[in-house]
Amino acid sequence: MIIGACTIILHLPGVFSLKEKRSIVKSVLARLRNEFNVSAAEVDAQDAHTRAVLGVACVSGSSEYARGQLEAVVRWIEENRPDAPVIDYAIELL
């Protein structure tokens, strides 16, 4: 069993309140859960208005599949959420 974990740092330009940030983050997390069947949550920088740190995890029998799925999550955010550009991400397989 392979557990894939991905930390994604998003930049949220033009966000001036935690309410605006929460709206964007909740939307992204819900779509990731529905599109990719992964677990996802905001894991850090909860008090920063212009930055969000997301944690995404998946379980698979294959390390290649787990890495591919997490890379697809990052690509999906980059392609579908121009309001939340990806600053950096890291994938770890356990």
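The structure displayed is predicted, hence computed values, not measured ones. (Residues numbered from 1 in each chain as written. Predicted model: local features only at pLDDT ≥ 70, side-chain atom pairs only at ≥ 80, totals over all residues. Heavy atoms only, no water.)

Participant: Describe in detail the pairing of strand β2 (residues 39-44), supporting the description with residues and values.
Facilitator: With five bridges joining them, β2 and strand β3 (residues 51-60) adopt antiparallel strand pairing. Paired with D44 across the strands is V53, a residue of β3. Count of turn residues in the β2/β3 antiparallel hairpin: six residues, of which A45 carries a positive phi of about 60 degrees. (Pairing = 2+ DSSP bridges. Helix = DSSP H or I, 4+ residues; strand = E, 2+ residues; numbered from the N terminus.)

Participant: I'd love a proper account of the pairing of β3, names of residues and values included.
Facilitator: Burial of β3 is extensive: seven of the ten residues sit out of reach of the surface. Bridge analysis of strand β1 (residues 2-11) against β3 gives ten bridges, and the strand direction is antiparallel. Bridge pairing in β3 links T7 to G55. (Buried < 20%, exposed > 50% of the residue type's maximum accessible area, 1.4 Å probe, protein only.)

Participant: Let's hear about the sheet that holds β2: which residues, and what values?
Facilitator: In spatial order, the strands read β2-β3-β1-β4; together these four strands make up an open sheet with antiparallel pairing. If you trace the sheet from one side to the other, it starts and ends with β2 and β4 (86-93), each paired once. Strand-to-strand twist across the sheet, computed as the mean angle between neighbouring axes with direction ignored, equals 20 degrees. (Axes fitted to C-alpha atoms, helices over the stretch in contact; angles between N-to-C directions.)

Participant: Got a sec to walk through the packing of helix α1 (residues 18-36) against helix α2 (residues 63-80)? Specific residues and values, please.
Facilitator: Taken N-terminus to C-terminus, the directions of α1 and α2 make an angle of 135 degrees; their axes are 11 Å apart at the nearest point. With respect to α2, the axis of α1 lies oblique. When the axes of α1 and α2 are compared, the crossing they make is right-handed. For the pair formed by α1 and α2, the contact residues are V28, R31, L32, E35 and F36 on the first element and Q69, A72, V73, W76 and I77 on the second. Here the residues of the contact of α1 with α2 are counted per class, giving seven nonpolar, one polar and two charged. (Parallel < 35°, antiparallel > 145°, perpendicular 65-115°, else oblique. Left-handed = near helix turned anticlockwise from the far one by under 90°. Contact = heavy atoms within 4.5 Å. Nonpolar A, V, L, I, M, F, W, Y, C, P; charged D, E, K, R; others polar.)

Participant: Residue-level account of unusual backbone geometry, with values.
Facilitator: The phi dihedral of N37 is positive, around 55 degrees, even though this residue is not glycine. As for its position among the elements, N37 is in the loop between α1 and β2. Its relative accessible area of 71% is what places N37 among the exposed residues. At A45, a residue that is not glycine, the phi angle is positive and equals roughly 60 degrees. Relative to the helices and strands, A45 resides in the loop between β2 and β3.

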